[in-house]
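Each chain is listed here by its residues.
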Amino acid sequence: MVDLDTLFSLCKRRGFVYPGSEIYGGFGGFWDYGPLGVELKRNIRDEWWRTIVQERDDVVGLDAAIIMNPRTWEASGHLREFVDRLVECRVCRQRFRADEVAENVCPSCGGPLSEARLFNTMFKTFVGPVESEAAVAYLRPETAQGIFVNFKNVLTTSRKKLPFGIAQIGKAFRNEITPGRFTFRSREFEQMELEFFVKPGTDEEWFRCWVDQRLAWYRRLGMKPENLKLHEVPAEERAHYSKATVDIMFRFPFGWAELEGIANRTDFDLTRHGQVSGEELTYFDEETGQRYVPYVIEPSAGVERSFLAFLINAYEEEPDKEGVRVVLRLHPRLAPYKVAVLPLSRKEPLVEKAREVWALVRPHVMSTYDDAQSIGRRYRRQDEIGTPYCVTIDFQTLEDNAVTIRDRDTMLQERVPIPELVSAIRDRLAAS
Ligand code: GAP
């Protein structure tokens, strides 16, 4: 399995991920996503949205504000409960999460550690021109609360009946004590969250159903079975709102760790928001004539965690004539570029023809063009960023108006007439 240093170096060199604010020495826990990273992230989000919202008739979307009325966090319990236990080294003054250090000894210098104190990991800011206690607000640590406070709005406007869900993708912020392991634990990240509202009593069945569906999503996008497993989170480790949680775990280079959590949040959040806001956040069941607070099943995934896991899962090295061939076997739907257009030589009129072909492909799929160095080198460059199809324009093209499609995984080459190129690529992507 690829180690994080190798992956970090590939990500930086090829424009997937850069350290945040790098010219100022970086900023712990913040990352910038480059031209390839932005595409991979977008594809992950799009796949999630397509599966969770577009293809279903019982889920609608939402895009709520990041900064919410601070009473939200009082109601949700985050002001009191969203805490980590922090210890500080009495010698070097470094800070750690208490659950990540053994035997009260500083992992950095071996010095003694302080008593643990509670640290709320929500980022604080001020709204308006006065920096007073009354103006304090928080950057949301989960997107879910934007969904709960809009439950009534969405229910009324979408006219959905239970069971139904509200999905949201957006930024979340956590002032992690120890960000690290590349992007695994960041301070700014994105969540893809679904709050699926169900009738109490049907929650356990729906919980299992969503665990299965989310696992199947990762598998469909190419996650190897040996890289995924489920973990039933014990009661003492669960969030304050959860009756049951299953984590989908991924085999990272540093060990198994949470990729996504699926929680049974019961009626906790809607009940609390109902109490604190005074709004009635209930559902009237026309079939039974009952009014109740729905239960909520929540699959919650991180875009950056998935990004990292998909890269690790896809990374392969294999020996070849020039030493080692690095291939990112990303699912074609996730690959930043679907197609690279490569003229065999930089000579005219080959380049002109290749540019014509690129112009033909561009409106249909995300693609790139490369005419620098040998064709073998260019194939390697595309393999290393996961491009599933290379389209080569050679001198024969000028005569037969056909190009060669080379497949990243099989390395097989097939001749295709240019007028059929777009549909040939589309067919391959649809079959993947
Ligand atoms: N609404 C539920 C919730 O936020 P969570 O387990 O704290 O639950 C859900 O977070 C997902 O968000 C995680 O499984 C992970 O993918 C992602 N995530 C959480 N904290 C993160 C961090 N500091 N950096 C990157 N991703 C994070």
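Residues numbered from 1 in each chain as written. Predicted model: local features only at pLDDT ≥ 70, side-chain atom pairs only at ≥ 80, totals over all residues. Heavy atoms only, no water.

Caption draft 1: Here's a closer look at the overall build of the protein chain. Regarding its fold elements, the protein chain presents 13 helices and 23 strands. Across its three principal axes, the protein chain shows a C-alpha extent of roughly 75 × 65 × 50 Å. Each of the 432 residues in the protein chain was classed as buried or not, and the buried ones make up 52%. The contacts of the protein chain with a sequence gap of at least 6 include a subset with a gap of at least 24, amounting to 65%. (Helix = DSSP H or I, 4+ residues; strand = E, 2+ residues; numbered from the N terminus. Buried < 20%, exposed > 50% of the residue type's maximum accessible area, 1.4 Å probe, protein only. Contact = heavy atoms within 4.5 Å.)

Caption draft 2: Structural detail: helix 7 (residues 203-220). A rise of 1.5 Å per residue sets the reference length of helix 7, with its 18 residues, at 26 Å; its end C-alpha atoms lie 25 Å apart and thus fit the reference within 8%. Residues D203, F207, W210, V211, R214, W217 and Y218 constitute the buried set of helix 7. Looking down the long axis of helix 7, one finds its buried residues gathered within 125° of arc, a one-sided arrangement. Structural note: helix 7 exposes E205, D212 and R220 on the side pointing more than 90 degrees away from its buried face. Phi for G222, located one or two positions after helix 7, is positive at around 100°. (Expected span 1.5 Å × (residues − 1). Arc of directions from axis to C-beta.)

Caption draft 3: Representation of the site of the ligand. Looking at the ligand, there are 20 residues lining it, with E142, R174, S186, E193 and E258 nearest. Contact between the ligand and E298: a nitrogen atom at 2.9 Å from a side-chain N or O atom of the residue. Its free accessible area being 560 Å², the ligand has 91% of it covered by the protein chains. Secondary structure elements with two or more residues in the shell around the ligand: strand 10 (188-198), strand 13 (255-266) and strand 16 (295-302). A per-element tally of the shell around the ligand places strand 13 first, with five residues. (Near = heavy atom within 4 Å. Polar contact = N/O pair within 3.5 Å; in protein donor to acceptor, adjacent residues only side chain to side chain. Areas by Shrake-Rupley, 256 points an atom, 1.4 Å probe, with all protein chains shown as cover.)

Caption draft 4: Focus on the packing of helix 1 (residues 4-14) against helix 11 (residues 375-385). Here helix 1 crosses helix 11 at 115°, and the two axes come no closer than 11 Å. Between helix 1 and helix 11 the crossing geometry is left-handed. Listed contacts from helix 11 to L10, R13 and R14 of helix 1 are R381, E384 and I385. Residues of the contact of helix 1 with helix 11, tallied by class, amount to two nonpolar, no polar and four charged. (Axes fitted to C-alpha atoms, helices over the stretch in contact; angles between N-to-C directions. Left-handed = near helix turned anticlockwise from the far one by under 90°. Nonpolar A, V, L, I, M, F, W, Y, C, P; charged D, E, K, R; others polar.)

Caption draft 5: Here's a closer look at the sheet that holds strand 6 (residues 117-120). With antiparallel pairing, three strands are arranged side by side in an open sheet as 5-4-6. The sheet is open, and its two borders are formed by strand 5 (95-97) and strand 6, each paired with just one other strand. Averaged over all pairs of adjacent strands, the angle between their axes in this sheet comes to 45°, without regard to strand direction. (Pairing = 2+ DSSP bridges.)

Caption draft 6: Highlighting helix 2 (residues 35-54). A rise of 1.5 Å per residue sets the reference length of helix 2, with its 20 residues, at 28 Å; its end C-alpha atoms lie 26 Å apart and thus fit the reference within 8%. Along helix 2, the residues that are buried comprise L36, G37, E39, L40, K41, N43, I44, E47, W48, T51, I52 and V53.

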